[in-house]
Every structure is written in structure tokens, then in C-alpha cells.
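Okay, here's what each chain looks like letter by letter:
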Amino acid sequence: MPLRPFVPSDPAAAREYTDIIRRDFEPYIEDIQTHLRCLEAEHARAFEKARDVSEENGAFLEMVGQ
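Enquirer: Help me out: how do you make sense of the overall build of the chain in this one?
Expert: The helix and strand tally for the chain stands at two helices and zero strands. Over its C-alpha atoms the chain spans a radius of gyration of 23 Å, topping by over 25% the 11 Å that the globule rule assigns to 66 residues. Referenced to the eigenvectors of the C-alpha coordinate spread, the extents of the chain come out at roughly 75 × 20 × 10 Å. Counting across all 66 residues of the chain, residues that qualify as buried make up 8%. Here the chain contributes 8 positive and 14 negative side-chain charges, whose respective centroids are spaced 5 Å apart.

Enquirer: Quick question: what am I supposed to make of the pattern of salt bridges here?
Expert: It is possible for side chains of opposite charge to pair when their charged atoms get near one another. Going through the model one piece at a time under the given rule, you end up with two salt bridges. Notably, a salt bridge pairs arginine 51 with glutamate 48, separated by 3.6 Å at the nearest N-O pair. Of this pair, arginine 51 and glutamate 48 both sit in helix α2 (residues 18-63), three residues apart, which is roughly one turn of the helix.

Enquirer: Quick question: what am I supposed to make of a nonpolar patch on the surface here?
Expert: A surface patch of nonpolar side chains, about 240 Å² in accessible area, is lined by Val7, Phe25 and Ile29. Relative to the helices and strands, valine 7 is located in the segment before α1 (11-16). The partly exposed category is assigned to valine 7, whose relative accessible area is 44%.

Thresholds applied
- Residues numbered from 1 in each chain as written.
- Predicted model: local features only at pLDDT ≥ 70, side-chain atom pairs only at ≥ 80, totals over all residues.
- Heavy atoms only, no water.
- Helix = DSSP H or I, 4+ residues; strand = E, 2+ residues; numbered from the N terminus.
- Rg over C-alpha atoms; globule rule 2.2 N^0.38 Å.
- Buried < 20%, exposed > 50% of the residue type's maximum accessible area, 1.4 Å probe, protein only.
- Lys, Arg positive; Asp, Glu negative; His and termini not counted.
- Charge placed at Lys NZ, Arg CZ, Asp CG, Glu CD.
- Salt bridge = Lys/Arg side-chain N within 4 Å of Asp/Glu carboxyl O.
- Patch = residues over 30% accessible without salt bridge, like charges linked within 9 Å, V, L, I, M, F, W, Y side chains within 5 Å.
- Areas by Shrake-Rupley, 256 points an atom, 1.4 Å probe, with all protein chains shown as cover.

Interpretation note: all reported values are geometric properties and have no functional meaning in isolation.
Given below as C-alpha cells:
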């Protein structure tokens, strides 16, 4: 997970470093979107795997008469 951009709590410091802070947010937003797409893909893979295992369990239970 990407590191969250730092925003100073002091309004004067925030104004002084506005350009730097804005530039920090752009790569963060890109990185978090990439991270979320990865999580979505992993969720889909895990869901399919769980479905396959559930089907195997059903076949097993039928095989042993339960």
C-alpha cells in the first residue's frame, strides 16, 4: 500500500509547500488505484478458488454418501 502524502497541519506551512504537496498526491492516487486493482484481482481469484473447493467438497460428500 502506498504511503499517504504528508499534509502539514499548520496552514502557513501548507501554503508554503502547496506545489510540493500537490505533486505528492498525483503519484499517490495513481499508486492507490494500482493497489486497489491488484486487490480486486486477488479477491476474484480467491473467490473462484473458494468456489472450486466448495464444488469439490460437494462431490466428496456425494461420493461418501453424505
